[in-house]
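Architecture and fold: a report
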Amino acid sequence: MFSSEWSLVLFTVLTQAAVGIVVISEFTRLLLKNSGAHLKWQAPAACALTALGLLFSLTHLGTPLHSVFTILNLGSSWLSREILVVGCFFAVILLLVLQRRKAPEKGATPLAIASIVVGLGAVFIMTRVYLLPTVPVWNSIATTFGFFGTMLLSGSVACGLIGSLENRSAKNAESCSSMAGVFCVSALVGLALKFIGIVLSMIALNNTDNYGMNALHMVADKGVDGLVAWIVMVCAGIGLFSWFALKAMGTKQIKLIASPALCALALVLAGEIIGRLMFYGTYMRIGI
Amino acid sequence: MLKRPAFYIDTTACTGCKTCMIACIDKHDLPDGVLYRRVSEYTGGAWTRLEAGTYEQNVFSYYLSISCNHCQNPICVRSCPTTAMHKDANGIVSVDHDKCVGCRYCEWGCPYSAPQFNEKLGKMTKCDFCRDDLEQGKAPACVTACPTRALHYGEYAELVAKFGEAQIIAPMPDPSITQPNLLVKPGRNAQPAGSKNGKISNPEEV
Amino acid sequence: MSNKKSAPSEKKGSVSRRNVLKWTAALGGVASISGGGLFYGLKKANCQPNSDEKVVWATCNVNCGSRCPIQVHVRDGHVVRIETDNTGDEDFKKHEVRACLRGRSTRRWIYSPERLKYPMKRVGKRGEGKFERISWDEALDTIASGLRRIIDTYGNESVYSHYATGVLGGTVSRREGFWRLMNQLGGTLNYYNSYSTAQISTALPYTYGKKNGNHISDIVNSKLVIFFGNNPAATRMSGGGTIYDLVHAKKKSGVKVIVVDPRYTDTAATFADEWIPIRPGTDAALVAGLAHVIISEGMADEDFLSKFCVGYDDSTMPSDIPTGNSYKDYILGTGRDKTAKTPKWAEKITGIPADTIKKLAREIGTAKPCAIFQGWGPQRQACGEQTARAICMLSILTGNVGISGGNTGDREGSYGIPFPRIPMGTNPVKTSIPVFTWTKAIDDPTSMTDLTDGVRGKKRLEKPIKFLWSYAGNAIINQHSDCGRTAEILQDESKCEMIVVLDNYMTSSAKFADILLPCCTALEEEDIIQQGYAVEMAYMVASTQAIKPFFESRSFFDILIDLSKRMGVEKKFTLGMDRSQWVEYMYQRCREIKSDLPPTFKDAQKIGLIKWGRPNKPKVAFEDFRKNPEANPLKTPSGKIEIFSKRLWDISKAWKLPKGDVITALPEYHSTWEGAEDEKGKQKYPLQLIGHHYKQRTHSSYGNVDWLQKVAPQELWINPVDAEKRGIKHGDSVKVFNDRGQTQAKAKVTPRIMPGVMTLPQGAWFKPDTDGIDKGGCINTLTSHHPSPLAKGNPQHTNLVEVAKL
């Protein structure tokens, strides 16, 4: 029921979180340009998370020394494309970080736009990797909703945590509270995507019924605890975060978000990890 | 040397004895957990108690011996990120160990369980149609081993001419996914593909 | 659906030590350490045979009915690959004899961790398996002095070589060598019957004069084939034996096949157009029900019955037997029990619906010809003699005996060239016991008489077995019933004083030895090996020694030569020849039978596998009798088929049997202890248990090969109905138990075994823990010592048990 596929669980959750951080923070930066709100540490955090995620993915490989060859089949392999695009994403945000060190207050640079586009592309291509025609549980739009949900959920809360810390003595209370608002909205959108994803995945599980095994029955048999824990933790995390984000908006004190965001991030990441463990754990292939 | 090698399984002769599996393991010295050929038992049927205390039943069972079908559109080849998994000019799908990174993506996708991860090597391995035997005009180890002569091999077109068009029975997957070079002669108990009447009953053996 | 419940990387755990190493290698470029896994120097097979690789012919020598040639690839003194007969398969008359999965796993077997290396002396209790290494001299001195002492103290009747069939292939390395030696020393106690066919071998001659069956390939001429407990797909697996002939015949003729068996066997799966599940031990009741329909609906072949048989109805009964004792009386209800054996009567006993019985009877009655074949499962039961004779009644009633496309009801027949065995001389001891009763001959011999225990050659057994010899066998404990009780008897060193075991492996029987000697396997010695006993094609293999003997293993015959020296009969035993000279000597005797054999054994070794092929047409048992019964009478007192056997009538009056055991002159059904009708027994142990023959092993041979354990694991078959009641799911570890003991295994929940019945494949290695609970899944922890009434045979399929999740 629960995979021991930790390397891929951590790779996907961390890189999706990193993309979320970049997409949301750069989008916020675009929205609140010249507002004085600090959005300095998100991209470096995303860079570190992506690097960590890539390292974890290496532990999945039987022969990591051959990983240089993994971009050789862009013509037909989604996995090849994923590795390339995640690599590009890492490169783009690294460049963005370097660019920002030289010119900190520059807003929407082409590199920033690129990081959003490449990031979204990376998550999109990651979902494609799992749309294998022989794996009905994964081969559904549930996977897309799930991955983008993870991106927004973890990205928003992480942005909120980082944003609240770097703006705790901010003078621009207005823009900070708008920032909180954007983070809150994106978190809730993420939650909605996640819920839709879970419902759709139940349908996909039920359709995985062949030759004596019904995946939904298997989940009902052994996975209810995990499913409940996942949903509860994610809801609790987003609930906690949103509550304080709204409060921060109301009181224009973004520093209020800091501690709750830390708890929320822990809850969301833990929940998402459980959910991703179940994702890999319900792998079931058709055929013999 | 063949151009489009294919296997033909006569399930009316296959008793599920697993000699093909052992012959293959012996030839390739396969470690525990790696099986280039796998015999699945597909069984179904129920028992209904009658008034007199006796039972009515509709039990059926048959075996399918599958290695790799060296498909025309192999999902393992198109998914492999390094191009290590490739189909050569003789139609054989095999792994280039100089490139394989051991990501197991091919294993995730193949509906026949053909790619097998070798933990010691850290790379994927699989049936290569006993290329060394084919090059000498000899049959693959599994074919020469089969005590009931249920396994045959040859050029796909010749097998079709000899045995008729490929038929799909449970528990085989939809052939349009990979276009396997596999012909099966259904037995009297054969269930249609996708049937829910039975299930694979020997997961612990494959 | 792939039954993988999680991502395939699960299999060995993705964050393993190996992966962490590889990960650091990726970062630091440090080469990872590859694991080992070689034992006894087993080397990796290279697919490219190269010039320093030699290939020689040998055989697999186990008790499976066939005798498959194998080609042994040797490099640097190690076996690296096994192939089989690949000499060409075009001609049905001389087809390839392809080894089954067991023979193909030979190199894993000969190098297994249980392989014995040195002679050993027991230091713990018998059965503990505690031994210390000794020299060959000490071992043989000990055996010789023990043998001498026992012969001098108790006489030769106390010396016994137990049934053992691990090495049936070969000539010089077969078990006859020991009897040759002992016959120079005053002889040994004899045994008769076997663990395979005690009941049928004893019973069928009362009907037919001898056992005899048509070749299976004769079914191309049949209109209907019925298998009663006959499963060639698991018991005759050789690609040169019965299963190959069956596939061939079924393809050629498309004849309808019906399988009657508690289990939906692999034979049923592949060949049966219909499966009729039957409760174990009730075949005779089914036959009676079928006979009722056949007789009352006028489908019995009255002409055949009156001309060729004795006892069908009053017209052919012996004159001194009172009326009411004919077969017709028994079936129609005018006999002693006043019970008509209607389909409804049979339904209650067999679990087969009455309508099914009627339908089957009509099919048997109208198919001309109909071939009935019974396997050896139905007879290996508490009342197996009755079952064996009963099944034959279906062939007899319908006149299908002695014709092409018919059969006698016996198991399929065989063909081969009877090449000679080592001459044994004459055994001065004439006393013979039924093989299954050897433990009683140790424990309570003087209670055994000709009328109570089937002792032959004497009225009463006088001496206990004091010296027990087992060469290439596992019937001291593993294959004999009631392991717990057997162990108790053997552990009393005052009873059986010396046990000598010769084997390749530390089997469960080897653990009971006082002296344990390591022998060569077939790949470590040359020999002449003839075709098996259940094939339709004659051939021979002149094998070449492939590798050196394993550590201090020695050839069986060489061990005997050394023993003969110590016993003072070397000259008489060896005739001045060493082992290789004996091989040449026996080979020349083969040439007396087949003069087309090459001049010397060495010449024959160059060819290796020599085939003569099949007879021109499949054998029809008792064909001559059927054509002309007066000129070719059967070896029965009347010369005819004895449905009613006067000899059995007399025996049933003279013999003293335990309550509940019966011997009858007619092939009647009787219920037995722990049978399908034992309602009292079922209150405590509600499930019947049989122990089918399984592809993983040949009896217990090959039972320690990891490849085979993987592709065909030891499992207890249980029906979903019974499993659900007990909360047992497929793959659960379960315990199976009755008053005699407990064994543990994994459960296979499958509809392929009928409700109320389970099966635990026989031959698994007995592995008791300190509490005596067997962890190996050995069925004989549960079987009984209670012998069958007439043959005093092993009733290993008659058991009541219960099962529970562990």
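For the structure itself, look to the data block above.
Overview of the structure.

Bringing the overall build of chain A into the picture now. The secondary structure content of chain A amounts to 8 helices and 2 strands. Taken from N to C terminus, the helices and strands of chain A fall in the order α-α-α-α-α-α-β-β-α-α. Relative to the compact-globule value of 19 Å for 288 residues, chain A shows a C-alpha radius of gyration of 19 Å, a close match. Projected onto the principal axes, the alpha-carbon positions of chain A cover approximately 65 × 40 × 25 Å. Per-residue burial over chain A gives 57% buried out of 288 residues. Considering only residue pairs separated by 6 or more positions, chain A has 81% of its internal contacts joining residues 24 or more positions apart. With an accessible surface of roughly 11,100 Å², chain A has 72% of that area assigned to carbon and sulfur atoms. A gap of 12 Å separates the mean positions of the 18 positive and 10 negative side-chain charges of chain A.

Time to look at unusual backbone geometry. With an omega of 0°, the peptide bond between Ala170 of chain B and Pro171 of chain B qualifies as cis. Put simply, Lys368 of chain C and Pro369 of chain C share a cis peptide bond, and its omega is 5°. Checked against the element boundaries, Pro369 of chain C lands in the loop between helix H14 (354–366) and strand E12 (370–374). Phi at Arg149 of chain B takes a positive value of approximately 60°, unusual for a residue other than glycine. Among the secondary structure elements, Arg149 of chain B is positioned in the loop between helix H5 (141–145) and strand E10 (151–155). Even without glycine at this site, Asp76 of chain C takes up a positive phi of about 55°. Relative to the assigned elements, Asp76 of chain C resides in the loop between strand E2 (69–75) and strand E3 (78–84). With a relative accessible area of 57%, Asp76 of chain C lands in the exposed category.

So, on to the environment of Tyr327 of chain C. Residues and elements named next belong to chain C. Position of Tyr327 relative to the elements: it lies in helix H12 (residues 327–332). Taking C-alpha positions, Tyr327 is 8.8 Å from Asp314, a pair spaced 13 residues apart along the chain. Ignoring any residue separated from it by four or fewer positions in sequence, one finds Tyr327 in contact with Val287, Ala291, Gly311, Tyr312, Met393, Leu397, Ile643, Leu666 and Pro667.

Our focus in this paragraph is the sheet that holds strand E22 (residues 715–718) of chain C. Residue and element names in this part refer to chain C. Judged by pairing direction, the barrel is mixed, and its 6 strands sit side by side in the order E21-E25-E22-E24-E23-E26 before closing back on the first. Pairwise comparison of adjacent strand axes, ignoring direction, gives a mean angle of 45° for this sheet. Here E22 pairs with strand E25 (residues 757–759) via 2 bridges, running antiparallel. Of the residues in E25, the one forming a bridge with Ile718 is Met758.

What follows concerns empty space enclosed by the protein. Residues and elements named next belong to chain C. Evaluated as defined, the whole model comprises 15 cavities of 30 Å³ or more. In this structure, the largest cavity is lined by 48 residues; those nearest its centre are Thr165, Gly166, Ala472, Thr698 and Ser701. For the lining of the largest cavity, the elements supplying multiple residues, two or more each, are helix H3 (106–110) and strand E15 (498–503). At 3 residues, H3 tops the list of elements feeding residues into the lining of the largest cavity. Taken together, the residues of the lining of the largest cavity sort by class into 20 nonpolar, 25 polar and 3 charged. Estimated volume of the second largest cavity: approximately 480 Å³. Gly229, Thr235, Gly377, Arg380 and His693 are, among the 35 residues lining the second largest cavity, the residues nearest its centre. Considering only residue class, the lining of the second largest cavity consists of 12 nonpolar, 15 polar and 8 charged.

All names here are of chain B. Strand order in this open sheet of 3 strands is E5-E2-E12, and the pairing throughout is antiparallel. The two strands at the open ends of the sheet, each matched to only one other strand, are strand E5 (60–66) and strand E12 (198–200). Recorded for the sheet is a direction-independent mean angle of 20° between the axes of neighbouring strands.

Turning next to the interface of chain B and chain C. Contacts between chain B and chain C engage 65 residues on the former and 72 residues on the latter. Between chain B and chain C the total buried area reaches about 5,500 Å² when both faces are included, carbon and sulfur atoms providing 50% of it. A per-residue breakdown of the area chain B buries against chain C is headed by Asp26, Trp47 and Arg149 of chain B, which together make up 13% of the total. Taken together, the links from chain B to chain C amount to 7 salt bridges. Lys251 of chain C is the salt-bridge partner of Asp10 of chain B, the closest N and O atoms lying 2.4 Å from each other. One can count 29 residue pairs in polar contact (both at pLDDT 80 or more) joining chain B with chain C. Where the side of chain B that touches chain C is concerned, the elements lending two or more residues are helix H1 (19–28), strand E2 (38–44), strand E4 (55–57), E5, helix H3 (105–109) and H5 of chain B.

Tallied over the full model, the rule gives 72 salt bridges over all chains. For Lys684 of chain C, the salt bridge goes to Asp739 of chain C, with nearest N and O atoms at 3.0 Å. Placement of Lys684 of chain C in helix H24 (residues 679–684) and of Asp739 of chain C in the loop between strand E23 (733–738) and strand E24 (741–749) is noted, with a sequence separation of 55 residues between them. Under the relative-accessibility criterion, Lys684 of chain C is labelled exposed at 52%. Because the salt bridges share partners, they merge into one network encompassing Glu41 of chain B together with Asp266, Lys695, Lys748 and Arg752 of chain C.

Before going further, it helps to examine the packing of helix H3 (residues 78–102) of chain A against helix H4 (residues 110–130) of chain A. Residues and elements named next belong to chain A. Here H3 crosses H4 at 160°, and the two axes come no closer than 9 Å. By the angle between their axes, H3 is roughly antiparallel relative to H4. Relative to H4, the crossing made by H3 is left-handed. Within the contact of H3 with H4, the residues separate by chemical class into 18 nonpolar, 4 polar and 4 charged.

What counts, and where the lines are drawn
- Residues numbered from 1 in each chain as written.
- Chains lettered and ligands numbered in written order.
- Predicted model: local features only at pLDDT ≥ 70, side-chain atom pairs only at ≥ 80, totals over all residues.
- Heavy atoms only, no water.
- Helix = DSSP H or I, 4+ residues; strand = E, 2+ residues; numbered from the N terminus.
- Rg over C-alpha atoms; globule rule 2.2 N^0.38 Å.
- Buried < 20%, exposed > 50% of the residue type's maximum accessible area, 1.4 Å probe, protein only.
- Contact = heavy atoms within 4.5 Å.
- Areas by Shrake-Rupley, 256 points an atom, 1.4 Å probe, with all protein chains shown as cover.
- Lys, Arg positive; Asp, Glu negative; His and termini not counted.
- Charge placed at Lys NZ, Arg CZ, Asp CG, Glu CD.
- Pairing = 2+ DSSP bridges.
- Axes fitted to C-alpha atoms, helices over the stretch in contact; angles between N-to-C directions.
- 1 Å grid on protein atoms, 1.4 Å probe; cavity = no way out; pocket = protein on both sides within 12 Å on 5 of 7 lines; lining within 4 Å.
- Points joined across faces, edges and corners; volume = space filled by probe spheres on them.
- Nonpolar A, V, L, I, M, F, W, Y, C, P; charged D, E, K, R; others polar.
- Buried area = accessible area lost by both parts, 1.4 Å probe.
- Salt bridge = Lys/Arg side-chain N within 4 Å of Asp/Glu carboxyl O.
- Polar contact = N/O pair within 3.5 Å; in protein donor to acceptor, adjacent residues only side chain to side chain.
- Parallel < 35°, antiparallel > 145°, perpendicular 65-115°, else oblique.
- Left-handed = near helix turned anticlockwise from the far one by under 90°.

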